[in-house]
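# Structural overview for review
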Amino acid sequence: MASYKVKSGDTVSQIAKRMGVRVQDIVSANPNLKDVNKIRVGQSLKIPAAKTGKNKGSQGPYGRVSQTEMNMMRGKGDEYTRGVRVKMKAGAETTPTPKKAKATKDAKSGRSAMLAKAKAKRDAMPLPKSKPKKKPTPVSSKTGSSLSTTAMAKAKALKDAKSLPKSKPTKPVDKKATIKARMARLDAANKRNRRG
């Protein structure tokens, strides 16, 4: 634990920020500090070791301080100081974060160990053998088909044997008569439309 001599213009929050600790860490390390807002020039403060790890930068001097505590600090610093000491004594700062609480619960229940064992067992199992791939049928450069020449000849013979059904002979179409019939139908339709 380091020691710090208070200089002119220093506040506990400035010192906490400079040293990389929280205000409540300084308050809990200095039982002789009665009011967080009243420190004297030349006063010696014990500074706990700075936090390391993931939460180092996210804590800041006011890390884990509620809005009520902030208001107490602004107003009467002695109330805040007493509140921090009570909180530390009750072990409020030792409560694990939700992530740590879950890890502890998993460790106690044995669930994570069981999952790790199942994963190791699954990884140790051999993979099923894949089916051998079929070789592609070679295509003839002469015929452009994958069939052999004898197979091609058989297929052609079958095609020729199946002749198409013969269609009925059609009558020659008289175009003039077709056009006249169409025109007559159109005229009749026009007359009906004019009447109705």
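Now for a look at the structure at hand. (Residues numbered from 1 in each chain as written. Predicted model: local features only at pLDDT ≥ 70, side-chain atom pairs only at ≥ 80, totals over all residues. Heavy atoms only, no water.)

### Regarding the pairing of strand β2 (residues 44-47)
Across a regular strand the side chains alternate sides, sitting on one face of the sheet and then on the other. Inclusion rule: Relative accessibility under 20% of the residue-type maximum defines a buried residue, over 50% an exposed one, and the middle range a partly exposed one, all with a 1.4 Å probe and only protein chains included. Secondary structure elements follow DSSP: runs of H or I no shorter than four residues count as helices, runs of E no shorter than two count as strands, and numbering proceeds from the N terminus. Whether two strands pair comes down to DSSP finding at least two bridges between them.
On β2, burial follows the alternation: Leu45 and Ile47 on one face are buried, whereas Ser44 and Lys46 on the facing-out side are not. Bridge analysis of strand β1 (residues 2-5) against β2 gives four bridges, and the strand direction is antiparallel. Across the sheet, the residue bridging to lysine 5 is serine 44, located in β2.

### A word on the side chain of glutamine 43
Threshold: Here, two residues are considered to be in contact whenever any of their heavy atoms come within 4.5 Å of each other.
Within the secondary structure, glutamine 43 sits in the loop between α2 (23-29) and β2. Residue glutamine 43 is classed as buried on the basis of its relative accessible area of 8%. Every residue in contact with glutamine 43, bar those within four places of it in the chain, is listed here: Tyr4, Lys5, Val6 and Leu33.

### Some remarks on the pattern of salt bridges
For clarity, the cut-off: One speaks of a salt bridge when a side-chain nitrogen belonging to Lys or Arg is within 4 Å of a carboxyl oxygen belonging to Asp or Glu.
The full count for this structure, using the stated rule, is three salt bridges. Residues arginine 18 and aspartate 10 are paired through a salt bridge, measuring 3.3 Å at the closest nitrogen-oxygen approach. Two residues, aspartate 123 and arginine 122, come together in a salt bridge whose shortest N-O distance is 3.7 Å.

### Focus on the nonpolar core
Selection criterion: To define a nonpolar core, start from buried Ala, Val, Leu, Ile, Met, Phe, Trp, Tyr and Cys residues and group those joined through side-chain atoms within 4.5 Å.
Of all hydrophobic cores here, the largest spans 16 residues; its most connected members are Ile15, Val23, Ile26, Val27, Leu45 and Ile47. Within the residue set of this core, elements represented by two or more residues are α1 (12-19), α2, β2 and α5 (77-90). With residues near it in sequence (within four places) discarded, isoleucine 15 still touches Tyr4, Val6, Asp10, Ile26, Ile39, Leu45 and Ile47.

### Comments concerning the environment of glutamate 69
Along the chain, the position of glutamate 69 falls in helix α4 (residues 67-74). Of the residues examined, glutamate 69 reaches a relative accessible area of 12% and is grouped as buried. For the pair formed by glutamate 69 and tyrosine 80, sequence separation is 11 residues and the distance between their alpha carbons is 6.2 Å.

### Focus: a positive patch on the surface
Rule in force here: Patches here are clusters of residues that have more than 30% relative accessible area and form no salt bridge, with a 9 Å joining cutoff for like charges and a 5 Å cutoff for nonpolar side chains (Val, Leu, Ile, Met, Phe, Trp, Tyr). Note on areas: Shrake-Rupley with a 1.4 Å probe; residue coverage comes only from the protein chains shown. Charge assignment in this entry is limited to Lys and Arg as positive and Asp and Glu as negative, and neither His nor the chain termini are counted. Every charge is mapped onto a representative atom, which is NZ of Lys, CZ of Arg, CG of Asp or CD of Glu.
Taken together, the side chains of Lys191, Arg192, Arg194 and Arg195 define a basic patch exposed on the protein surface. If you trace the backbone, arginine 195 turns up in helix α9 (residues 175-195).

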